[in-house]
Amino acid sequence: MGIPHVQDRAFPVARPLSQVRSARVTRLPPFADDLVETLEALDTSRVDIPVIQPAEPFLDMAGEDLRRRIFLTESETGESLCLRPEFTIPVCRAHIAEGLATPRRYSYLGQVFRQRRDGDNEFYQAGIEDLGDPDEARADARAISDAWTILVRILPGRPLAVTMGDQALFEAVVAALGLPSGWQKRLIHAFGNTAHLGQLIARLADPEPAPAVAGPAAALIASGDEAALAGHIAAVMEETGYSTHASRSPQEIARRMIEKSRLEETRLSDTELAALRAFLALEAPLSGALAALSAFADGAGLDIAAAREGFARRAAALDAAGIDLDAVTWRAAFGRPLDYYTGLVFEVTSGPGGAVLAGGGRYDRMMELLGARDPIPAVGFSLWIDRIGAARGDA
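Note that the structure is a prediction, hence the values are computed from the model and not measured. (Residues numbered from 1 in each chain as written. Predicted model: local features only at pLDDT ≥ 70, side-chain atom pairs only at ≥ 80, totals over all residues. Heavy atoms only, no water.)

Draft legend 1. Seen up close, unusual backbone geometry. Threonine 102 connects to proline 103 through a cis peptide bond whose omega is 5 degrees. Here proline 103 shows up in the loop between helix 5 (88-98) and strand 5 (104-113). Located in the positive-phi region is aspartate 43, a residue other than glycine, with phi close to 60 degrees. Checked against the element boundaries, aspartate 43 lands in the loop between helix 2 (32-41) and strand 1 (45-46). (Helix = DSSP H or I, 4+ residues; strand = E, 2+ residues; numbered from the N terminus.)

Draft legend 2. Spotlight on the sheet that holds strand 1. Pairing in this open sheet of 9 strands is mixed, and the strands run 1-5-6-12-11-10-7-9-8 from one edge to the other. Single-partner strands in this sheet number two, and they are strand 1 and strand 8 (283-285). Sheet analysis places strand 5 next to strand 6 (residues 122-131), joined by 10 bridges and oriented antiparallel. Its bridge partner lying in strand 6, glycine 110 is registered against glutamine 125. Across the sheet, helix 2 touches strand 1, strand 5, strand 6 and strand 12 (378-384), and the angle it forms with strand 5 is around 155 degrees. (Pairing = 2+ DSSP bridges. Contact = heavy atoms within 4.5 Å. Axes fitted to C-alpha atoms, helices over the stretch in contact; angles between N-to-C directions.)

Draft legend 3. Structural view of the side chain of arginine 84. Inspection of the secondary structure puts arginine 84 in the loop between strand 4 (80-83) and helix 5. A distance of 2.5 Å separates the side chain of arginine 84 from the backbone oxygen of glutamine 111, its partner in a polar contact. Each residue touching arginine 84, except ones within four places of it in the same chain, is listed here: Ile49, Pro50, Val51, Gln53, Gly110, Gln111, Val112 and Phe113. (Polar contact = N/O pair within 3.5 Å; in protein donor to acceptor, adjacent residues only side chain to side chain.)

Draft legend 4. Structural context of the sheet that holds strand 4. Ordered in space as 2-4-3, the 3 strands form an open sheet in which the pairing is antiparallel. The open sheet has two edge strands, strand 2 (52-54) and strand 3 (72-74), and neither has a second partner. Taking the axes of each pair of neighbouring strands and ignoring which way they run, one obtains an average angle of 40 degrees across the sheet. Bridging between strand 2 and strand 4 involves 3 bridges; their strand directions are antiparallel. Looking at strand 4, one finds that proline 54 is bridged to leucine 81.

Draft legend 5. The packing of helix 7 (residues 167-176) against helix 15 (residues 305-320), seen in detail. Where helix 7 meets helix 15, the closest approach of the two axes is 9 Å, and the angle between their N-to-C directions is 165 degrees. Looking at the two axes, helix 7 sits roughly antiparallel to helix 15. In this structure, helix 7 crosses over helix 15, and the sense of that crossing is left-handed. On helix 15, the residues that touch Ala168, Leu169 and Ala172 of helix 7 are Ala307, Arg308 and Phe311. (Parallel < 35°, antiparallel > 145°, perpendicular 65-115°, else oblique. Left-handed = near helix turned anticlockwise from the far one by under 90°.)

Rendered as structure tokens:
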């Protein structure tokens, strides 16, 4: 299951830890060897990912919170590059480039580079990316179990807490409310960002007036006649000479104008708004989460059966893996600030409300977006090495 021992720019073989220490890395934590041994014991192949990465995949998929903190540069040919801001995307790209079979589990330990307010822009992350296991519930449970196992070994006796969310459940609730696809995308994109999500829900409760459009276009937008609106736009573009410089066709512009108008007019009923807010307020130990979720769905009259069944299978897999379900808190509104998650999201903290020591989730759609020929289920997590060191009391 290991990576072939062939040097390759896309996916070089992992170097021994002693060599990593001598290659500019000067601040590896005291527990690095113990961490590497634990990762290997969890049946992973350790990999080393180049520090310089193409920027486009991160800019497209990583989310606004990470995008604004990336260190960008350019190659001599004008290609946009960046210092490695995280490992999940480059590990997945490298796996695709190698064309290796799945299932396959990778681990890593190395520096990432992000702009931080405190000025500490270089820090270490370790983690596991679990690719290709068709049993999603089992793989999800393994990710949480692995993160817990590592932290318990490195932080013996320290209190730990797990918080879990599920983006697939949120997507199912939003779809069951019957919102237009454009609004569903807006809400899903905001999942995990409490302030932004609250603003969008407020707009659904009290829609803002659509921007005024003057002249014949206003009536055409109101009628929803896309062909007629496209014809009008084409004529205006021809008259003004803009058509030769347009990046979008009249048909594309017309479709977008009508769609935007419909979205701005969308309003949820008081009952639907109450259901959405009731879902986002759900919080329970995982041992009682399925009962709470079922009571909500039945009370709101929403068909989320498929997502609920997936949730139940994951809880059963966690129980089978020996995780105390009373020690895991499920929060319906809990998300993480990366755009590529599709299902499970979780964090392990140093006790309730403490620093985040590990975090991750499921990202099934990303492999195809990065170029995989076939869908590849994927889940993983990262460990924040500096925070773990602080929890240990390391100097």
